[in-house]
Amino acid sequence: MTKKTVITGTGRYVPPRVVTNDDLSQWMETSDEWIQQRTGIEKRHWVDEDAPVGPSDLGLEASQIALNRAGWSPADIDLIIFATLSPDIFFPGPGCLLQHKLGLSATPALDIRQQCTGFIYGLATADAYIRSGMATKILLVGAEVHSTGLDISTEGRDVSVIFGDGAAAVCLEAVDSDQDVGVLASVLHAKGSMAESLKTEAPASREWPRLTAKMMEERRHFPHMDGKAIFKEALRRLPEVTKEALDQAGLTTEDIDLYIPHQANMRINQFYQQMMKLPEEKVFHNIQRYGNTTAATIPLALDEALEMGLIGKGSTVLFLGLGSGVTWGANIHRFPE
Ligand code: ACO
């Protein structure tokens, strides 16, 4: 018998405030038509601007649902892994904040970055902890509050229209089994030469002081993206990493019941589906309703796909994505029968 890492509970939470494409056109020159045509996004959820909360707060809501579904109490968790690019504060990371909000006092909390592949890197990390016997029950959370850090003027419109706030969590459990269940493959990559293609520079520890009025005037505290370069890289890397993950698991494209790609742009995922010759219904989309929620996106989509009955017991799911770093990767997970 070997230890397998199995998803035993999922949960998601988005703040109640809905921001439509038409709402965005109050603040910037844009249109519902442009946003839908170029990205597929119709609306996104943003935290309340008068009473904003952090990713650890959104993550708490999602975690409570996941814990409940897994039948765990917070005390059962022996490691928290928190993925985000938008931490509540500069340091410490939201893993520690969430740990306290869950009422825990000594449970380890590990924060990871990796942006849009935060969940993929997090799942691979959790799987390594579980297979090595260092943990048996891990809470993996992906959460973002983008809206408080976006340039919502016309100058920032290419980036700000794509991002939404949200959180999702999964409970990962060590299961002793000789069957092919749980995490069957994980492939991780990064290309630091493209780090400047999608970044928020400030506050920057490499500068003194880290944040100045001049930096803010130059809009260096807002995210900037070379959208075309990232788009092209995604189209090259996503099919490549799918093949690597399938090879690692000894599976073919037909063995996958549902592909859950990161939701950065509907067009990227449609091109991917065509390049991979996959039937349309095998590639999950929910970008229309949430935009890009970065580290939350994949577990949020997983939670919805489970709720919609698209997958369930015995299903094999492939998670994949590419984002800032740039980082990209994939995991394959099979739910036990
Ligand atoms: N509304 C209206 N017009 C706009 C908007 C907007 N929101 N944004 C840009 N435009 C205009 C531009 O000014 C430009 O006008 P011009 O031709 O007069 O100069 C025109 O539309 C085309 O702009 P591009 O930026 O070239 O548009 P593009 O087709 O590349 O779409 C987009 C931009 C949607 C951002 C796309 O490049 C993309 O999705 N890239 C990949 C994003 C991605 O995968 N990111 C990784 C994950 S995110 C993460 O890791 C945190």
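Residues numbered from 1 in each chain as written. Predicted model: local features only at pLDDT ≥ 70, side-chain atom pairs only at ≥ 80, totals over all residues. Heavy atoms only, no water.

**Q** Can you tell me about the site of the ligand, naming the residues and giving the values?
**A** Around the ligand lies a shell of 24 residues, among which T30, R38, C116, K228 and N265 are the nearest. Take R157: an N or O atom from its side chain is 2.9 Å from an oxygen atom of the ligand. Within the side chain of K228, one N or O atom sits 2.5 Å away from an oxygen atom of the ligand. Its free accessible area being 1,000 Å², the ligand has 76% of it covered by the protein chains. (Near = heavy atom within 4 Å. Polar contact = N/O pair within 3.5 Å; in protein donor to acceptor, adjacent residues only side chain to side chain. Areas by Shrake-Rupley, 256 points an atom, 1.4 Å probe, with all protein chains shown as cover.)

**Q** Please provide a residue-by-residue account of helix α5 (residues 118-131), values included.
**A** Its 14 residues place the ends of α5 20 Å apart at the C-alpha level, agreeing with the 20 Å of an ideal helix rising 1.5 Å per residue. For α5, a buried count of 10 out of 14 residues is recorded, marking the element as mostly surrounded by other parts of the structure. Taken residue by residue, α5 has G118, F119, I120, Y121, G122, L123, A124, A126, D127 and I130 as its buried positions. Just downstream of α5 lies G133, where phi reads positive at about 85°. (Helix = DSSP H or I, 4+ residues; strand = E, 2+ residues; numbered from the N terminus. Expected span 1.5 Å × (residues − 1). Buried < 20%, exposed > 50% of the residue type's maximum accessible area, 1.4 Å probe, protein only.)

**Q** Describe the sheet that holds strand β13 (residues 327-334), with residues and values.
**A** By way of backbone hydrogen bonds, the strands of a sheet pair with one another, either parallel or antiparallel. Pairing within the open sheet is mixed, and its 4 strands lie in the order β8-β13-β12-β11. The open sheet has two free edges, formed respectively by β8 (182-190) and β11 (258-261), since each of these has just one partner strand. With direction set aside, neighbouring strand axes in the sheet form an average angle of 10°. As paired elements, strand β12 (residues 316-323) and β13 share 8 bridges and run antiparallel to each other. Following the sheet pairing, G323 is matched in β13 by T327. Helix-sheet contacts for α5 involve β8, β12 and β13, and the interaxial angle to β8 is about 125°. (Pairing = 2+ DSSP bridges. Axes fitted to C-alpha atoms, helices over the stretch in contact; angles between N-to-C directions. Contact = heavy atoms within 4.5 Å.)

**Q** Describe the packing of aromatic side chains, naming the residues involved and giving the relevant values.
**A** The final tally for this structure, using the stated rule, is 4 aromatic pairs. Judged by centre distance (6.3 Å) and plane angle (80°), the rings of F231 and F271 are edge-to-face. Linking F231 in helix α8 (residues 227-249) with F271 in helix α9 (residues 266-275), this pair joins segments that are 40 residues apart in sequence. Their ring planes at 65° and their centres at 6.4 Å tell us that Y259 and Y272 sit as a pair that is edge-to-face. Pair noted here: Y259 is in strand β11 and Y272 is in helix α9, with a separation of 13 residues, a long-range link. The exposure class assigned to Y259 is buried, which follows from its relative accessible area of 0%. (Phe/Tyr/Trp six-rings, centres within 6.5 Å; stacked < 30°, edge-to-face > 60°.)

**Q** Outline the sheet that holds strand β7 (residues 166-177), listing residues and values.
**A** Spatially, β1-β7-β6-β4-β5 is the arrangement adopted by the 5 strands of the open sheet, whose pairing is mixed. In this open sheet, the two strands that pair with only one neighbour each are β1 (2-13) and β5 (109-112). Averaged over all pairs of adjacent strands, the angle between strand axes in this sheet comes to 20°, irrespective of strand direction. Its contacts with the sheet place helix α3 (residues 55-70) against β1, β4 (79-83), β6 (137-144) and β7, and it is angled at close to 120° to β1. Across the sheet, helix α11 (residues 297-307) is in contact with β1 and β7; its angle to β1 comes to roughly 85°.

**Q** Any details on the nonpolar core? Residues and values, ideally.
**A** Counting 29 residues, the largest nonpolar core has I138, L172, I260, L302 and F319 as the members making the most contacts within it. Those elements that place two or more of their residues in this core are β4, α5, β6, β7, β11, α11 and β12. At 6 residues, the largest contribution of residues to this core is made by α5. Composition of this core by domain shows at least three residues from each of domain 1 (2-177) and domain 2 (182-334). Those residues within four positions of I260 in sequence are excluded, and the remaining contacts are F284, I298, A301, L302, A305, V317, L318, F319 and L320. Formed by 27 residues, the second largest nonpolar core is a distinct cluster that contains V187, M194, V283 and L322. (Core = buried A, V, L, I, M, F, W, Y, C linked by side-chain atoms within 4.5 Å. Domains from an automatic or database assignment.)

**Q** Which residues make up the side chain of S197, and what values do they have?
**A** Relative to the helices and strands, S197 resides in the loop between β8 and β9 (198-199). Judged by relative accessible area, which is 13%, S197 ranks as buried. Beyond its immediate chain neighbours, meaning those up to four positions away, S197 contacts H224, M225, D226 and I230.

**Q** Summarise the pattern of salt bridges; cite the residues concerned and give the values.
**A** As enumerated under the stated definition, the model contains 24 salt bridges in all. Where E173 meets K137, a salt bridge forms, and the shortest distance between an N and an O atom there is 4.0 Å. Pair noted here: E173 is in strand β7 and K137 is in strand β6, with a separation of 36 residues, a long-range link. Between E201 and R220 there is a salt bridge whose closest N-O contact spans 3.3 Å. Separated by 19 residues along the polypeptide, E201 in the loop between β9 and α7 (213-217) and R220 in the loop between α7 and β10 (224-225) bring together distant segments of the chain. Residue classification places R220 among the buried positions, given a relative accessible area of 18%. One network of salt bridges, with partners in common, ties together R12, R69, R289, D303, E304 and E307. (Salt bridge = Lys/Arg side-chain N within 4 Å of Asp/Glu carboxyl O.)

These figures capture arrangement, not role.
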